[in-house]
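# Topology and contacts: notes
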Amino acid sequence: TSVLHTIEKILSSSSNTNNDFIHCIDVGSYIGVVTLMMSKTLQKKKIKWRVHSFEPFQESFLRLQENINLDTFNSNIILNNVAVSDELGIKTLKTYPNKPGQNHLNINTLQDENNVSQETVEVTTLKDYMHENNIKHVNICKIDTEGLDELVIKGLYDHLKNRAIDYFI
């Protein structure tokens, strides 16, 4: 709840009204709780906005789609069924059938765990995504990739140097 409160506080602040367009990024969207909070808060502003959500696990992505479709402002939410890391490509996603909120990219192929499945997922970087979508500035970037957040940030290096992102959560 503190993450949701923080996002609401940042997006509600009057300092965000100086931008022509507000972009928010939700990496590791799971089923969309943070994405929907961003949308709910931005709906109150008289400014154009988009929320860009990333969820690589197919089962969670389907639930994310269902939840976003209930939002009347869902046309402002861009859903991406890909993982985010520091390099483009295809990687293995470790999936936990009883704990899908703990799914994460497999960076240690030698580790063997019980009750863990794997699936192949497409991987992008935020640098490439922002370039492809002509996003010059991001107000909030929330990252929850189950311990691999550093790789997502590493894939943003050029944008960090240019201070293109106001807040990380």
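Refer to the structure presented above.
Summary of the structure given here.

What counts, and where the lines are drawn
- Residues numbered from 1 in each chain as written.
- Predicted model: local features only at pLDDT ≥ 70, side-chain atom pairs only at ≥ 80, totals over all residues.
- Heavy atoms only, no water.
- Salt bridge = Lys/Arg side-chain N within 4 Å of Asp/Glu carboxyl O.
- Helix = DSSP H or I, 4+ residues; strand = E, 2+ residues; numbered from the N terminus.
- Buried < 20%, exposed > 50% of the residue type's maximum accessible area, 1.4 Å probe, protein only.
- Core = buried A, V, L, I, M, F, W, Y, C linked by side-chain atoms within 4.5 Å.
- Contact = heavy atoms within 4.5 Å.

This brings us to the pattern of salt bridges. All told, the structure shown has three salt bridges when counted by the stated rule. For D26, the salt bridge identified is with K142, shortest N-O distance 2.6 Å. Here D26 is found in strand β1 (residues 21–27), whereas its partner K142 is found in strand β8 (residues 138–143), with 116 residues between them in sequence. Given a relative accessible area of 0%, D26 falls into the buried group. Taking the shortest distance from any N to any O, the salt bridge between K91 and E87 comes out at 3.6 Å. Residue classification places E87 among the partly exposed residues on the basis of a relative accessible area of 43%.

Counting residues in hydrophobic clusters, the biggest one holds 17 residues, and the most contacted among them are L11, C24 and M38. Among the secondary structure elements, those contributing two or more residues to this core are α1 (2–12), β1, α2 (33–42), β2 (48–54) and α3 (58–69). In terms of residues, this core owes the most to one element, α2, which gives four residues. Beyond its immediate chain neighbours, meaning those up to four positions away, C24 contacts L11, M38, L42, R50, V51, H52 and I140. Counting 15 residues, the second largest nonpolar core, distinct from the first, contains I25, V27, F54 and I143.

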